[in-house]
Amino acid sequence: MADAETLDRLYKAILDRRGADPETSYTAKLFQRGRAKIAQKLGEEAVETVIEAMAGDREKLAEESADLLYHLLVLWADAGLRPKDVYDVLAAREGTSGIAEKAQRNKVSGKKGK
């Protein structure tokens, strides 16, 4: 069964490939190209995910979502952010209305809500 442990294993594999040969590892190649390229790839995958969501093809949406999550994990690894760091933020927000949570973040940052 796929769950958060699957993401944790993928994250570990990504970390393990950080120093691999970029000629044989796509992950190593992403790290070599730098954070801007990783972020660009993440953005491309996000757009492809949205396109499949709008097209209504669940299988393709799942595939693009997997690509999106992979690239997000690579970005996290490059930034030194662990999945647990994100899980902790999500856990802290659990049970809080999204509207209330966003209003609180905007209050702290001084931003106006939309």
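A. View of the overall build of the chain. Each helix and strand in the chain was counted, giving 6 helices and 0 strands. Out of the 114 residues belonging to the chain, those deemed buried represent 24%. For the chain, long-range pairs separated by at least 24 residues make up 54% of all intrachain contacts whose partners lie at least 6 apart in sequence. Accessible area of the chain: about 8,100 Å², with a carbon and sulfur share of 57%.

B. Molecular detail of a negative patch on the surface. The grouping of Glu48, Glu59, Glu63 and Asp67 at the surface amounts to a negative patch. For the negative patch, the element with the most residues is helix 4 (residues 58-79), which contributes 3 residues. Examined against the element boundaries, Glu59 turns out to sit in helix 4. A residue is classified by how much of its surface remains accessible, and Glu59, at 58% relative accessible area, is exposed.

C. Summary view of the packing of aromatic side chains. For the coordinates displayed, the defined rule picks out 1 aromatic pair. A cation over a ring is seen here: Arg18 above Phe31, with NZ or CZ 4.6 Å from the ring centre.

D. Local environment of helix 2 (residues 26-33). Of all the residues in helix 2, the buried ones are Thr27, Ala28, Leu30 and Phe31. All buried residues of helix 2 project into a common sector of 155 degrees when viewed along the axis, lining one side. Exposed side of helix 2, more than 90 degrees from the buried face: Gln32 and Arg33 are the residues found there. Next to the buried residues of helix 2 lie helix 1 (4-16), helix 3 (35-55) and helix 4. Just beyond helix 2, the residue with positive phi is Gly34, at close to 100 degrees.

E. Looking closely at the nonpolar core. Residues Tyr11, Ile14, Leu30, Phe31, Ile38, Leu42, Tyr70, Leu73, Val74, Leu75, Trp76 and Ala77 constitute the largest nonpolar core, which totals 12 residues. Contributing elements (two or more residues each) for this core: helix 1, helix 2, helix 3 and helix 4. Examining the composition of this core, we find that 6 residues originate from one element, helix 4, more than from any other. Excluding residues within four positions of it along the chain, Ile38 makes contact with Leu30, Phe31, His71, Val74, Leu75 and Asp78.

F. The arrangement of the side chain of Glu64 in detail. With respect to the helices and strands, Glu64 occurs in helix 4. Nearest to the buried, unbridged Glu64 among oppositely charged side chains is Lys60, at 8.2 Å. The residues touching Glu64, leaving out its near neighbours within four places in the chain, are Glu45, Glu48, Thr49 and Glu52.

G. Summary view of the packing of helix 2 against helix 3. Two elements in contact, helix 2 and helix 3, have axes whose closest approach is 5 Å; the angle formed by their N-to-C orientations is 120 degrees. One way to sum up the angle between helix 2 and helix 3 is to call them oblique. Contacts from Tyr26, Leu30, Phe31 and Arg33 in helix 2 reach Lys37, Ile38 and Lys41 in helix 3. Residues belonging to the contact of helix 2 with helix 3 are distributed by class as follows: 4 nonpolar, no polar and 3 charged.

Calculation rules
- The numbering scheme is per chain: residues are counted from 1 as the chain's sequence reads.
- Per-residue local features are limited, in this predicted model, to residues with pLDDT of at least 70; the limit for side-chain atom pairs, both in listing and counting, is 80 or more; totals at the level of whole chains, interfaces and linings are taken over all residues.
- The side-chain values count all of the structure's non-hydrogen atoms but skip hydrogen atoms and water molecules.
- Where helices and strands are cited, they refer to DSSP runs of H or I of at least four residues and of E of at least two residues respectively, numbered from the N terminus.
- Partly exposed describes any residue whose relative accessible area lies between the buried limit of under 20% and the exposed limit of over 50%, with all areas from a 1.4 Å probe on protein chains only and scaled to the type maximum.
- By definition in these notes, contact holds between two residues if any of their heavy atoms fall within 4.5 Å.
- Per-residue and other accessible areas were derived by the Shrake-Rupley procedure at a 1.4 Å probe size, with only the shown protein chains allowed to occlude residues.
- Grouping into patches uses exposed residues only, defined as over 30% relative accessible area, and leaves out salt-bridged ones; the cut-off is 9 Å for like charges and 5 Å for nonpolar side chains (Val, Leu, Ile, Met, Phe, Trp, Tyr).
- Salt bridge criterion: a side-chain nitrogen from Lys or Arg within 4 Å of a carboxyl oxygen from Asp or Glu.
- We count Lys and Arg on the positive side and Asp and Glu on the negative side, and we leave His and both chain ends out.
- Working definition for charges: the position is that of NZ of Lys, CZ of Arg, CG of Asp or CD of Glu.
- Aromatic rings from Phe, Tyr and Trp, with only the six-membered ring used for Trp, were paired whenever their centres fell within 6.5 Å, and each pair was classed as stacked if the ring planes differed by under 30 degrees, edge-to-face if by over 60, and tilted otherwise.
- Note on criteria: charge over ring means Lys NZ or Arg CZ within 6 Å of the ring centre, with the direction from the centre no more than 35 degrees off the ring normal.
- Directions from the helix axis toward the C-beta atoms define the arc.
- Side-chain atoms within 4.5 Å are what join buried Ala, Val, Leu, Ile, Met, Phe, Trp, Tyr and Cys residues into a set we call a nonpolar core.
- Where helices are involved, their axes are fitted lines through C-alpha atoms of the stretch in contact, as for all axes, and angles between N-to-C directions lie from 0 to 180°.
- Any angle between 65 and 115 degrees counts as roughly perpendicular, while under 35 counts as roughly parallel, over 145 as roughly antiparallel, and the rest as oblique.
- Ten residues, namely Ala, Val, Leu, Ile, Met, Phe, Trp, Tyr, Cys and Pro, are considered nonpolar, four, namely Asp, Glu, Lys and Arg, are considered charged, and the remaining ones, Gly among them, are considered polar.

These figures capture arrangement, not role.
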